[in-house]
2 protein chains.
Amino acid sequence: MPASSTDAKRPGEVALPFDPADRAEASLTFIGRIRSPWSKGEGPKNVRTAREMGCDAWIELDPAYAAGLTGINVGQAIQLIYWVDRGTRDLIVQTPGHADGPRGVFALRSPVRPNPIALSTVLITSIDGARIGIDATDAWDGTPVLDIKPWIETIDAPPHWRETS
Amino acid sequence: MPASSTDAKRPGEVALPFDPADRAEASLTFIGRIRSPWSKGEGPKNVRTAREMGCDAWIELDPAYAAGLTGINVGQAIQLIYWVDRGTRDLIVQTPGHADGPRGVFALRSPVRPNPIALSTVLITSIDGARIGIDATDAWDGTPVLDIKPWIETIDAPPHWRETS
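Residues numbered from 1 in each chain as written. Chains lettered and ligands numbered in written order. Predicted model: local features only at pLDDT ≥ 70, side-chain atom pairs only at ≥ 80, totals over all residues.

## A few points about the overall build of chain A
So the rule is basically this: Put simply, DSSP marks the helices as runs of H or I at least four residues long and the strands as runs of E at least two long, and each gets a number from the N terminus on. Residue burial is a threshold on neighbouring C-beta atoms within 10 Å of the residue's own C-beta, all placed from the backbone, with 20 or more meaning buried, 12 or fewer meaning exposed, and counts in between meaning partly exposed. This entry defines residue contacts through backbone-placed C-beta atoms, with two residues in contact when those atoms are within 7 Å.
The secondary structure content of chain A amounts to three helices and ten strands. Its helices and strands taken in sequence order, chain A reads β-β-β-α-β-β-β-β-β-β-β-α-α from the N to the C terminus. The C-alpha extent of chain A, read off along each of the three principal axes, is 45 × 45 × 30 Å. Residues classed as buried in chain A amount to 39% of the 165 residues present. Put simply, of all contacts in chain A between residues at least 6 apart along the chain, 78% involve residues at least 24 apart.

Right under this line is the structure:
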């Protein structure tokens, strides 16, 4: 049984009356693992912090999927999608240390969420078979990888942001 | 049994020797549905095309998750993550009509992939309870929603792109 967050809440936090993990409607497979210097419970707060710290990080793709890298190049930006299941998925309102009060999970990048999918944009620094070097990650060593996508400005940047910057 | 892509391949396309759907390692729940004018097999090619066409689109969040919207505002950009299972997940090399030859799935935004997670950055145009208006979507009406995240430049834009634009 996964840990429940109902017994470890901060002021203002709200748990769902059910565990989203018990409502399985689709299944994921792990296509590889992120390798990083970070271990469980320790590591940078997010990918920006990780980039500032500098670190040796890579994706260890399951060799069965290596043909899927055809057309991916060093220097390219990708959307790295990974699975950050911390055991609790039911905390719908959270009070992070950095915020000035409780916030909905959809207004936060917290790893504790109904579907614990994490996402960051990183640069490919090397490709050696099924080993893909990346410029930074906030993921703990061994974090399962779900998907890799090319970053495309017209899909992945807000329209107003493109216009004004 | 899901449809297999092994019997409908274009030149150069390669299928995995297994179906990723048979290797379930984690489960997803659907937190809502995308409502759009697009029906199965018909719709814009991507979110850029959808934005150019203009359309009335919204997220119908399961009311159980509505408290998770606290702190989300109209005008804000979000990462919308949705599930685009077309029945086949095994096509590791694909030959899209727009490409000049076969490409690995991780170099494409194709909905046919080992984990059929789709992702686009959209603007919130309205919030009315659990109904969230968005400025555009390429998703068919009824597409399951997996997650909503605030778009954050330092996590979601490539570093070099920020520097040069």
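## A word on the nonpolar core
For soluble globular proteins, nonpolar side chains are generally found buried alongside one another. For clarity, the cut-off: The nonpolar core is taken to be a set of buried Ala, Val, Leu, Ile, Met, Phe, Trp, Tyr and Cys residues joined by way of C-beta atoms within 7 Å.
Grouped together as the largest cluster of nonpolar side chains are 75 residues, with contacts concentrated most on A:Tyr82, A:Ile134, A:Leu146, B:Tyr82, B:Ile134 and B:Leu146. With near-sequence residues (within four places) excluded, A:Tyr82 lies in contact with A:Ile34, A:Ala118, A:Ala139, A:Thr143, A:Pro144, A:Val145 and A:Leu146.

## Considerations on the relation of the copies chain A and chain B
The test is simple: Only residues with pLDDT of at least 70 in both copies contribute their C-alpha atoms to the least-squares superposition of the copies.
Superposing chain A onto chain B takes a rotation of 180 degrees combined with a translation of 0.0 Å along the rotation axis, leaving an RMSD of 0.0 Å. The operation mapping one copy onto its partner corresponds to a two-fold rotation axis. In terms of proximity to the rotation axis, the leading residue of chain A is A:Ser27, whose C-alpha is 2.3 Å off the axis. Of the interface residues in chain A, 100% have counterparts in chain B that sit at the interface too, so the contact is made through matching surfaces.

## Focus: the sheet that holds strand β5 (residues 77–83) of chain A
Sheet strands line up and pair through hydrogen bonds in the backbone, either parallel or antiparallel. Residue and element names in this part refer to chain A. What counts, and what does not: Here, strands pair whenever DSSP counts at least two bridges between them. In this description, a line fitted to the C-alpha atoms serves as the axis of each element, helices being fitted only across the stretch in contact, and the angle between N-to-C directions of two axes falls anywhere from 0 to 180 degrees.
Taken together, six strands build a closed barrel; the order of strands is β3-β4-β9-β8-β5-β10 and the barrel is antiparallel. Sheet twist, expressed as the average angle between the axes of neighbouring strands with direction ignored, equals 45 degrees. Direction of pairing for β5 relative to strand β8 (residues 117–128): antiparallel, over a ladder of seven bridges. Counterpart to Gln79 in the pairing with β8 is Thr121.

## Remarks on the interface of chain A and chain B
Taken together, the contacts link 61 residues of chain A with 62 residues of chain B. Two strands pair when backbone bridges link them, and strand β2 (residues 26–28) of chain A and strand β2 (residues 26–28) of chain B are joined in this way by three bridges, in the antiparallel orientation. In the sheet register, A:Leu28 faces β2(B), and the bridge partner there is B:Ala26.

## Considerations on the sheet that holds strand β5 (residues 77–83) of chain B
Taken in spatial order, the six strands of this closed barrel run β3-β4-β9-β8-β5-β10 (chain B), and their pairing is antiparallel. Mean inter-strand twist for the sheet, computed between neighbouring axes without regard to direction, equals 45 degrees.

## So, the environment of B:Gln94
Mapped onto the secondary structure, B:Gln94 falls in strand β6 (residues 91–94). Residues B:Gln94 and B:Ala15, 79 residues apart in the sequence, show an inter-C-alpha distance of 8.7 Å.

## Some thoughts on the pairing of strand β6 (residues 91–94) of chain A
Residues and elements named next belong to chain A. Here two bridges tie strand β1 (residues 14–15) to β6, and the two strands are oriented antiparallel to one another. Looking across to β6, one finds that Ala15 is bridged to Leu91. Examined bridge by bridge, β6 and strand β7 (residues 103–104) share two bridges and lie antiparallel to one another. Across the sheet, the residue bridging to Gln94 is Arg103, located in β7.

## Some words on the environment of B:Thr137
Residue and element names in this part refer to chain B. Relative to the helices and strands, Thr137 is located in the loop between β9 (131–134) and β10 (143–150). For Thr137, a count of 27 C-beta atoms within 10 Å translates into the label buried. Look past the residues within four positions of Thr137 in its chain and what remains in contact with it is Ile34, Ser36, Val47, Ala50, Ala57 and Val122.

## Looking at the pairing of strand β4 (residues 57–61) of chain B
Residues and elements named next belong to chain B. Here β4 lies mainly inside the structure; four of its five residues are buried. Of the pairings in the sheet, the one linking β4 to β9 comprises four bridges and is antiparallel in character. What sits directly across from Glu60, in β9, is Arg131.

## Brief notes about the confidence of the model for chain A
Caution is warranted with low-pLDDT regions, since their predicted coordinates should not be read in detail. Rule in force here: Confidence scores here are pLDDT values: one per residue, from the predictor, ranging 0 to 100.
Per-residue confidence for chain A gives a mean pLDDT of 92, with 93% of residues at or over 70. At the level of chain-chain contacts, confidence expressed as ipTM amounts to 0.93, with global pTM at 0.93.

## Comments concerning the environment of A:Ala57
Locating A:Ala57 in the fold gives a position in strand β4 (residues 57–61). Using a count of 23 C-beta atoms within 10 Å as the deciding quantity, one classes A:Ala57 as buried.

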